[in-house]
Amino acid sequence: MPHKDRICKACDGEGLLMDDEEWRYTCSVCGGDGIIDPGESLKPSEPFSVDEMNRTLE
Ligand SMILES: [Zn+2]
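Note that this is a predicted model, so its numbers are computed, not measured.

Undergrad: Would you mind showing me how to read the overall build of the chain here?
TA: Helix and strand counts for the chain stand at one helix and two strands. Across the 58 residues that make up the chain, the buried fraction comes to 7%.

If you want it as structure tokens, here you go:
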């Protein structure tokens, strides 16, 4: 059971969405795992490389 605060509201934690014709497809909001990772949208994996790029551009 996913953590309550992290359950994807788009699919209610199921990881699947259903369209009008009842076709099930992977939820694009959570990527199909039914859980929203707080850092998922931020992608802070390489903040320093971005900073370096900005400085290089200046
Ligand atoms: Zn979802």
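The discussion continues.
Undergrad: Can you walk me through the environment of G13 in this structure?
TA: One can find G13 in the segment before strand 1 (16–18). Its 19 C-beta neighbours within 10 Å are what place G13 among the partly exposed residues. Each C-alpha atom of the pair G13 and C27 lies 9.5 Å from the other, and the pair is 14 residues apart in sequence.

Undergrad: Help me out: how do you make sense of unusual backbone geometry in this one?
TA: Glycine aside, negative phi is the norm for most residues, and most peptide bonds take the trans geometry. Phi at D12 takes a positive value of approximately 60°, unusual for a residue other than glycine. Among the structural elements, D12 can be located in the segment before strand 1. In this structure, E22 is a non-glycine residue whose phi angle is positive, near 65°. Tracing the backbone shows E22 in the loop between strand 1 and strand 2 (24–26).

Undergrad: How should the confidence of the model for the chain be read in this particular structure?
TA: Low pLDDT marks stretches whose predicted atomic positions should not be read closely. Of all residues in the chain, 60% have pLDDT values of 70 or greater, and the mean over the chain is 76. Looking at the elements of the chain, mean pLDDT is at its lowest for helix 1 (residues 47–57), recorded as 56, and at its highest for strand 2, recorded as 93.

Undergrad: What is the right way to read the environment of I7 from this model?
TA: Within the fold, I7 resides in the segment before strand 1. Given 17 C-beta atoms within a 10 Å radius, I7 is considered partly exposed. For I7 and I35, which are 28 residues apart along the polypeptide, the C-alpha to C-alpha distance reads 4.7 Å.

Calculation rules
Residues numbered from 1 in each chain as written. Predicted model: local features only at pLDDT ≥ 70, side-chain atom pairs only at ≥ 80, totals over all residues. Helix = DSSP H or I, 4+ residues; strand = E, 2+ residues; numbered from the N terminus. Buried ≥ 20, exposed ≤ 12 C-beta atoms within 10 Å, placed from the backbone. pLDDT = per-residue confidence, 0-100.

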